[in-house]
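# Structural description and commentary
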Amino acid sequence: MIWAKLSEKEKDMSAVEKLQRLREQMEKRGLAAYIVPTEDFHNSEYVGDYFKAREYLSGFTGSAGTLLVCRENAALWTDGRYFLQAEEQLAGSSVDLMKSGQPGVPTIAEYLAEHLKTGDRIGFDGRTVTRAFVEELRGKTKEKQIVFCSKEDLTDLVWTDRPALSAEPVWELGIEYAGFSREEKLDKVRQKMQEEKADVLLMTALDEIAWLLNLRGNDVCNTPVFLAYMLLTQQDALLCVQEKILSRQIRDQLDAAGVSVQPYDKIEELVSGLQTGQRVWADGRRVNYRLLEAIPAGAEQIDKPSPVGLMKAV
């Protein structure tokens with residue numbers, strides 16, 4: 001599906017050429033390595049076409065894998081489901097296959113610790129990795145005083161005909177299927193926040209936001225979710241989405257439930273604007289690294305699973 005959207009020139013471009021383009025951008029920034037995960041900004045298992053950067057650069061189409069591009073070489077880690085597929089698709093790409101979990105195969109962190117020099121810089125889009133991933137890298141490479149650069153998506157500079165972010169219209173899931181209205185669900189979540197003494201709940205998991213608001217979408221193939229973030233307090237509910245996905249009727253329904261709509265890309269600004277002393281409930285397993293880093297130093301993070309996870313499992 002992606003290839004139909006590419007120019008003729010890019011259709012014919014090999015993985016070797018794409019990786020060379022990426023290395024040119026790395027060199028401009030003094031990066032010794034650049035990491036391209038599979039995940040989107042929401043740590044989703046499956047992602048929309050816009051987020052298939054690892055697939056675009058390497059040619060490997062499996063649903064799990066991480067690409068590491070260094071100055072002279074590149075490697076891709078994936079699990080046993082994809083060893084045969086990856087061997088075939090990476091042939092001629094200059095990307096080495098790293099069979100995760102096999103004897104003698106290092107993790108990405110171990111590989112970097114072995115190959116990097118003291119003071120090297122590693123780049124990645126901090127919206128596509130978790131803090132746990134970064135801390136593992138930091139722990140394995142601490143003796144080399146590595147610098148982490150998480151603010152740029154270099155693939156965007158290479159993939160000149162990249163598909164746009166999906167922005168499919170959302171629709172209402174009737175209460176006969178949802179069981180509770182969005183107002184009732186918001187009340188239940190706020191009760192859990194009170195019990196945890198949390199001032200703010202930061203939500204990034206697409207399935208949880210869809211469940212909480214009784215809305216469904218089509219931004220990920222075969223998964224009825226839409227791209228969104230939420231910030232919830234006892235008084236306010238801020239929904240960050242691409243506004244064009246909301247009909248006037250749904251917008252009015254959200255207004256009536258006390259849900260205020262904000263631009264999708266405003267979430268980092270909203271998080272960085274939280275107040276000193278606030279307790280921010282943000283699940284470190286789901287919320288991306290860059291958003292966690294945006295929480296002000298004077299605020300306290302409550303690193304626990306979102307209360308919505310258990311609620312929607314009932």
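This text goes with the structure placed above it.
Rules used in this analysis
- Residues numbered from 1 in each chain as written.
- Predicted model: local features only at pLDDT ≥ 70, side-chain atom pairs only at ≥ 80, totals over all residues.
- Heavy atoms only, no water.
- Pairing = 2+ DSSP bridges.
- Helix = DSSP H or I, 4+ residues; strand = E, 2+ residues; numbered from the N terminus.
- Axes fitted to C-alpha atoms, helices over the stretch in contact; angles between N-to-C directions.
- Contact = heavy atoms within 4.5 Å.
- Phe/Tyr/Trp six-rings, centres within 6.5 Å; stacked < 30°, edge-to-face > 60°.
- Buried < 20%, exposed > 50% of the residue type's maximum accessible area, 1.4 Å probe, protein only.
- Lys NZ or Arg CZ within 6 Å of the ring centre and 35° of its normal.

Here the focus is the sheet that holds strand 5 (residues 121-124). As summarised here, the arrangement of the six strands in space is 4-3-2-1-5-6, forming an open sheet in which the pairing is mixed. The open sheet has two edge strands with one neighbour each: strand 4 (95-99) and strand 6 (147-149). Each strand of the sheet is rotated relative to its neighbour by a mean of 20°, with strand direction disregarded. Here four bridges tie strand 2 (residues 66-70) to strand 3 (residues 74-78), and the two strands are oriented antiparallel to one another. Opposite Leu 67, over in strand 3, you have Leu 76 as the bridge partner. The strands touched by helix 2 (residues 15-28) are strand 1 (33-36), strand 2, strand 3 and strand 4; relative to strand 2, the strand with the most contacts, the crossing angle is about 60°. Sitting on the sheet, helix 4 (residues 83-90) touches strand 3 and strand 4, and the angle it makes with strand 4 is about 175°.

In total, this model carries eight aromatic pairs according to the counting rule given. Ring plane angle 55° and centroid distance 6.3 Å describe the contact between Phe 124 and Phe 148, whose orientation is recorded as tilted. Here Phe 124 is found in strand 5, whereas its partner Phe 148 is found in strand 6, with 24 residues between them in sequence. Judged by relative accessible area, Phe 124 falls into the buried class, the value being 0%. Here Phe 148 falls in the buried class, since its relative accessible area comes to 16%. Ring-pair connections join several aromatic residues into one group, and the members of that group are Phe 41, Tyr 50 and Phe 51. Positioned above the aromatic ring of Tyr 56, the side-chain terminus of Lys 18 is 4.1 Å from the ring centre. Looking at Lys 188, its charged tip hangs above the ring of Phe 180, at a distance of 4.7 Å from the centre.

Okay, the side chain of Thr 204 next. Along the polypeptide, Thr 204 turns up in the loop between strand 8 (200-203) and helix 10 (206-213). Judged by relative accessible area, Thr 204 falls into the buried class, the value being 2%.

An order of 12-11-10-8-13-14 is seen for the six strands of this open sheet, with the pairing classed as mixed. Each of the sheet's edge strands pairs with one partner strand only, and the pair in question is strand 12 (259-263) and strand 14 (300-302). Across the sheet, the mean angle separating the axes of adjacent strands is 25° when strand polarity is ignored. Summarising the sheet, strand 13 (residues 279-281) and strand 14 pair through three bridges and their orientation is parallel. Residue pairing for strand 14: Val 280 is matched across the bridge by Gln 301. Its contacts with the sheet put helix 10 on strand 8, strand 10 (229-232), strand 11 (237-241) and strand 12, and the angle it makes with strand 10 is roughly 60°.

We now examine the pairing of strand 8. Here strand 8 shows two buried faces, one formed by Val 200 and Leu 202 and the other by Leu 201 and Met 203. Alignment of strand 8 against strand 13, held across two bridges, turns out to be parallel. Residue pairing in the sheet places Val 200 in a bridge with Val 280 of strand 13. Here three bridges tie strand 8 to strand 10, and the two strands are oriented antiparallel to one another. Paired with Met 203 across the bridge in strand 10 is Met 230.

Mapped onto the elements, Ala 167 comes out in the loop between helix 7 (155-158) and strand 7 (171-172). Given a relative accessible area of 23%, Ala 167 falls into the partly exposed group. In this structure the C-alpha to C-alpha distance between Ala 167 and Ala 64, which are 103 residues apart in sequence, comes to 24 Å. If we skip the residues at most four places from it in the chain, Ala 167 touches Asp 219, Gln 242, Lys 244 and Ile 245.

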